[in-house]
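Remarks on the overall topology
For reference, the chains in residue letters:
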Amino acid sequence: MRIPLVAGNWKMNGTRASVTALAGAIASGCKAGGPQVVLCAPAIYLGAVAEVIAGSSVMLGAQNLSDQDAGAYTGEISGPMLRDMGARYVIVGHSERRRIYGETDALVAEKFEAARRCGLAPIVCVGETLAEREAGATQAVVRRQLETVINLNKLAEFEDAVVAYEPVWAIGTGRTATPAQAQEVQAFVRALVASRDRRIADGLRILYGGSVRADNAAALLAQADVDGALVGSASLDAGEFLMICAAAAARVKIK
Ligand code: PEP
């Protein structure tokens with residue numbers, strides 16, 4: 001059985017006081033028997049958040065990492081540093097990193113490898129733009145993004161990794177993929193991995209991300225290949241995020 005995972009991506013938001021309050025509210029609201037919960041805090045606040053969630057079931061995640069482990073890379077943060085601060089997960093290839101900071105498929109694959117080298121579980125994001133969807137290129141784009149990662153890394157490295165399908169047109173726009181659209185692409189991702197290794201595909205957690213909210217989470221999470229959610233804006237509100245976690249907990253009982 002795939003344990004559902006709900007990850008909050010706080011992006012570049014908050015203050016030390018606000019993120020620690022948010023982490024505390026989420027940690028104390030998480031119920032036993034629910035999904036795994038990961039909070040991807042801004043890097044500078046990882047230590048503060050780690051202290052707040054210590055002893056709870058909530059895990060720490062980062063939003064990005066360097067492809068290098070150490071050295072003269074001014075301003076970068078390495079996987080070993082994230083581990084040192086208590087992170088277990090790291091988002092890799094978020095569309096904002098690809099679009100705003102020019103991260104290529106090749107660099108995303110290198111970052112995935114860097115995460116695996118130090119024992120971080122990557123949450124690798126894939127997804128098409130609206131123009132690509134309208135051109136009928138969704139599967140080709142997702143295949144290219146994922147295969148670049150798979151080809152550089154061994155498929156065995158996907159054992160503890162997570163894939164997040166995040167259609168770019170649904171991120172931060174309030175426009176959510178329909179459950180059927182999410183399921184179609186996520187089934188495609190699983191089939192792609194299964195064509196190389198059925199066992200790894202069966203165990204792979206595939207999240208949906210893109211304007212997930214309390215009022216649409218249950219329908220998305222009811223889909224066979226939607227194993228959880230990567231949540232942006234709604235993760236900044238503890239009550240709303242916990243309602244999404246509750247929707248994922250219902251999935252634990254269904255399966
Ligand atoms: C994200 O940034 O990964 C995301 C899914 O954002 P939002 O939920 O705000 O669309």
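Placed above this text is the structure.
A short tour of the structure in this document, coming up. (Residues numbered from 1 in each chain as written. Predicted model: local features only at pLDDT ≥ 70, side-chain atom pairs only at ≥ 80, totals over all residues. Heavy atoms only, no water.)

Details of the overall build of the protein
The secondary structure content of the protein amounts to 11 helices and 8 strands. Relative to the 2.2 N^0.38 estimate, which gives 18 Å for 255 residues, the radius of gyration of the protein is 17 Å and therefore close to what a compact globule would have. The C-alpha extent of the protein, read off along each of the three principal axes, is 45 × 45 × 35 Å. Expressed as a percentage of its 255 residues, the buried residues of the protein come to 52%. For the protein, restricting intrachain contacts to residue pairs at least 6 apart in sequence, the fraction spanning at least 24 positions comes to 72%. Accessible area of the protein: about 10,800 Å², with a carbon and sulfur share of 54%. Side chains of the protein give 26 positive and 26 negative charges; the mean places of these two sets differ by 4 Å. (Helix = DSSP H or I, 4+ residues; strand = E, 2+ residues; numbered from the N terminus. Rg over C-alpha atoms; globule rule 2.2 N^0.38 Å. Buried < 20%, exposed > 50% of the residue type's maximum accessible area, 1.4 Å probe, protein only. Contact = heavy atoms within 4.5 Å. Areas by Shrake-Rupley, 256 points an atom, 1.4 Å probe, with all protein chains shown as cover. Lys, Arg positive; Asp, Glu negative; His and termini not counted. Charge placed at Lys NZ, Arg CZ, Asp CG, Glu CD.)

Considering the side chain of N153
Along the chain, the position of N153 falls in the loop between α7 (138-152) and β6 (162-165). Within the structure, N153 has its side chain in polar contact with the backbone oxygen of V149 (distance 3.0 Å). (Polar contact = N/O pair within 3.5 Å; in protein donor to acceptor, adjacent residues only side chain to side chain.)

Observations concerning empty space enclosed by the protein
Within the structure shown, the criterion is met by 1 cavity of 30 Å³ or more. Considered as a void within the structure, the largest cavity measures approximately 40 Å³ in volume. Along its surface, the largest cavity is lined by G93, H94, S95, R98, C125, V126, G127, Q145, E166, V168 and I171. Going through the elements one at a time, α4 (95-101) and β5 (121-126) are the ones with two or more residues in the lining of the largest cavity. When the residues that make up the lining of the largest cavity are grouped by side-chain class, the tally is 4 nonpolar, 5 polar and 2 charged. (1 Å grid on protein atoms, 1.4 Å probe; cavity = no way out; pocket = protein on both sides within 12 Å on 5 of 7 lines; lining within 4 Å. Points joined across faces, edges and corners; volume = space filled by probe spheres on them. Nonpolar A, V, L, I, M, F, W, Y, C, P; charged D, E, K, R; others polar.)

Side note on the pairing of β6
Taking every second residue as pointing to the same face, both faces of β6 are buried, with V162 and A164 on one and V163 and Y165 on the other. Sheet analysis places β5 next to β6, joined by 4 bridges and oriented parallel. Along β6, the bridge assignment pairs C125 with A164. Note that β6 and strand β7 (residues 205-209) share 4 bridges and pair parallel. Pairing of V162 across the sheet is with R205, part of β7. (Pairing = 2+ DSSP bridges.)

Quick word on the sheet that holds strand β4 (residues 89-92)
Around the barrel, 8 strands lie side by side as β1-β2-β3-β4-β5-β6-β7-β8; this closed barrel has parallel pairing. Ignoring strand direction, the axes of neighbouring strands in this sheet form an average angle of 25 degrees. Pairing between β7 and strand β8 (residues 228-231): 2 bridges, direction parallel. The residue of β8 that forms the bridge with Y208 is A229. (Axes fitted to C-alpha atoms, helices over the stretch in contact; angles between N-to-C directions.)

Some points on unusual backbone geometry
Positive phi values are uncommon outside glycine, yet K11 reaches one of about 55 degrees. Non-glycine residue S211 carries a positive phi angle of around 55 degrees. By relative accessible area, which is 15% here, S211 ends up buried.

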